[in-house]
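# Remarks on the overall topology
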Amino acid sequence: MKTLIKNALVFDPRNNLNNKNDILIEGKSIVEINENIKDQGYQVIDAADKVVIPALIDMHVHLREPGYEEKETVKTGCEAAAAGGFSAVAAMPNTNPVADNPAVVEHLHLKSKEALVKVYPIGSITKGSEGKKLSEIGTLANTGVKALSDDGQPVMDSEIMRRAMEYASAFNLPIIDHCEDKNLSKDGVMHEGYYSTIFGLHGIPAASEEVMVARDIVLAEMTGIHLHIAHLSTEGSLKLVKDAQNRGVNVTFEVTPHHLLLTDKEIEDYNPDTKVHPPLRSNRDVEVLQMALENGEIDVIATDHAPHTYEDKLGEFDYAANGISGLETALGLLHNYFIKDEKISWNDLIEMYYYKPAEILQVEAEGIKQGAAADLIVFNPAREWKVEKNKFKSKGKNTPFAGTILKGKNEITFVEGKMVYDDRGGKNEILY
Ligand code: DOR
Ligand code: ZN
């Protein structure tokens, strides 16, 4: 059956689309894009006043399988991704066992076959992400990992990081870097500053991140590797990366929606859903990141979707797990706070949340054009909705945005021509 999307405002900067168009989908592909395609008995989707863009690619997601299926599975994580407007996610290796060998990656490949969105595996840098011995980087590369990362943990030993970079560059893999100096963050649970003093909680200084960003830029320069800084959160880190980029170092970075929108003051109720690594930072850091976003200086947006169970987040702030379940709020937040008020454009978003991540992972992203895979979403910019965590497809209900009213919602996700999510009229339905 052919599907015809009628009268949508279609955006795709690399295919020169920024006007009203109809899109015809047949099988897995887009077969025609034109201003007026005649309905010849197709399944028609009326998209007047709706926006159509390429479905997003989130390059930083924790799917938790194998080992932590109580937090998330490949199935539920991919359902959350479909609902959030994504057609692909990259899966972090801090599972149990860690994806430090081909068997775990093969397992993920197998699980992903039945999943609703594409899953790109990431292998760990070191065995068990313990920072001591390198993973089987060559064999990991052969099983199709798209990057290497010990995310959740830093690689504290500089010599090991250097060797990892040398191997990674031999296999043409980027390193996605969790930048943290454990000696500086110690037993900290929130950003070190005015509010950590007021709230009586141990702080994690900005320097804990920045020291490692600086070190790994130096090592990247030395080894020539592509270094991608995960969840960059401070003004100092941004300066270091920008300076390195200006020198021509092959370094990119991502920022999460929560680091763009929430400050450390948010922790005042000791709500464990505000506890995340790196921590929510100062007002100044958030302002600087927002400025960078508006000036087109941010390479990638990624959620760091980190689902946890209710029990993991229960109890005292000091002992709660780190992480935010982000896939189902990211696009709504970005629209409500930045796109709606024209602080960034749809085209900016598509660059940061589709083309750049695909380039870094070296995966296909043809966008919206004739013959390309029909990976796209229909977004309703006028629709107001409330973030209700119990409606999340993700098992992780840990969001600091619960109860927030947002304007703009993803209503349909297509992955390879198949409608996998339908929220027209508030259906919130996953389709297999
Ligand atoms: O908040 C976080 N949660 N930060 C990380 O780096 C890891 C992640 C997790 O795996 O839960
Ligand atoms: Zn992460």
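Residues numbered from 1 in each chain as written. Chains lettered and ligands numbered in written order. Predicted model: local features only at pLDDT ≥ 70, side-chain atom pairs only at ≥ 80, totals over all residues. Heavy atoms only, no water.

Across its full length, the protein carries 12 helices and 19 strands. Taking 2.2 N^0.38 as the reference for a compact globule, 432 residues should give roughly 22 Å; the C-alpha atoms of the protein span a radius of gyration of 21 Å, in line with that estimate. Considering only C-alpha atoms, the protein reaches an extent of 65 × 45 × 45 Å along its principal axes. Within the protein, the fraction of its 432 residues that count as buried is 61%. (Helix = DSSP H or I, 4+ residues; strand = E, 2+ residues; numbered from the N terminus. Rg over C-alpha atoms; globule rule 2.2 N^0.38 Å. Buried < 20%, exposed > 50% of the residue type's maximum accessible area, 1.4 Å probe, protein only.)

Looking now at the nonpolar core. Counting 110 residues, the largest nonpolar core has Ile53, Leu148, Ile175, Ile229, Leu260, Trp346 and Leu349 as the members making the most contacts within it. The element that contributes the greatest number of residues to this core is helix H12 (residues 346–361), accounting for 10 residues. Non-local contacts of Ile53, meaning those with residues more than four positions away in its chain, are made with Phe11, Trp346, Leu349, Ile350, Ile368, Leu376 and Ile377. In terms of nonpolar packing, the next biggest core, distinct from the first, is built from 17 residues, Ile5, Leu17, Ile25 and Met419 among them. (Core = buried A, V, L, I, M, F, W, Y, C linked by side-chain atoms within 4.5 Å. Contact = heavy atoms within 4.5 Å.)

This brings us to the coordination of the zinc ion (ligand 2). Taken together, the protein donors to the zinc ion (ligand 2) comprise His60 (NE2), His62 (NE2), Asp151 (OD) and Asp304 (OD), at separations of 2.0 to 2.2 Å. Every donor residue of the zinc ion (ligand 2) comes from the same chain, spaced as H-x1-H-x88-D-x152-D. Linking Asp151 in the loop between strand S9 (147–148) and helix H4 (158–170) with Asp304 in the loop between strand S15 (300–301) and helix H11 (330–339), this pair joins segments that are 153 residues apart in sequence. A residue is classified by how much of its surface remains accessible, and Asp151, at 3% relative accessible area, is buried. (Donors = N, O, S within 2.8 Å, 3.2 Å for Na, K, Ca; no water.)

A few words on the site of ligand 1. Taken together, 14 residues form the shell around ligand 1, and within it Arg64, Asn94, His277, His308 and Asn322 come nearest. At a separation of 3.1 Å, an oxygen atom of ligand 1 approaches a polar side-chain atom of His308. Within the backbone of Gly323, an N or O atom sits 3.3 Å from an oxygen atom of ligand 1. When the free accessible area of ligand 1 is taken as 290 Å², the share hidden by the protein chains comes to 93%. More than half of the atoms belonging to ligand 1 lie within 2 Å of the grid points that define the largest pocket. Residue composition of the shell around ligand 1, by class: 2 nonpolar, 9 polar and 3 charged. (Near = heavy atom within 4 Å. Polar contact = N/O pair within 3.5 Å; in protein donor to acceptor, adjacent residues only side chain to side chain. Areas by Shrake-Rupley, 256 points an atom, 1.4 Å probe, with all protein chains shown as cover. 1 Å grid on protein atoms, 1.4 Å probe; cavity = no way out; pocket = protein on both sides within 12 Å on 5 of 7 lines; lining within 4 Å. Sits in = over half its atoms within 2 Å of the grid points. Nonpolar A, V, L, I, M, F, W, Y, C, P; charged D, E, K, R; others polar.)

Here we come to the packing of aromatic side chains. Counting across every chain of the model gives 7 aromatic pairs. For the ring pair Phe199 and Tyr270, a centre distance of 6.0 Å and an interplane angle of 65 degrees mean the geometry is edge-to-face. Linking Phe199 in helix H6 (residues 194–199) with Tyr270 in the loop between helix H9 (257–261) and helix H10 (283–294), this pair joins segments that are 71 residues apart in sequence. A residue is classified by how much of its surface remains accessible, and Phe199, at 10% relative accessible area, is buried. (Phe/Tyr/Trp six-rings, centres within 6.5 Å; stacked < 30°, edge-to-face > 60°.)

By secondary structure assignment, the location of Ser196 is in helix H6. Of the residues examined, Ser196 reaches a relative accessible area of 6% and is grouped as buried. A polar contact is formed between the side chain of Ser196 and the backbone oxygen of Gly193, at a distance of 2.8 Å. Every residue in contact with Ser196, bar those within four places of it in the chain, is listed here: Met190, His191, Leu201 and Gly203.

To continue, consider the layout of surface pockets. The space that makes up the largest pocket amounts to roughly 470 Å³. Within the lining of the largest pocket, the residues separate by chemical class into 5 nonpolar, 13 polar and 4 charged. Within this model, the second largest pocket holds a volume of roughly 280 Å³. Ala115, Leu116, Lys118, Val415 and Glu416 are, among the 15 residues lining the second largest pocket, the residues nearest its centre. Mapped by element, the contributors of at least two residues to the lining of the second largest pocket are helix H2 (102–113), strand S8 (118–123) and strand S18 (418–422). Looking at side-chain class alone, the lining of the second largest pocket contains 7 nonpolar, 2 polar and 6 charged residues. (Points joined across faces, edges and corners; volume = space filled by probe spheres on them.)

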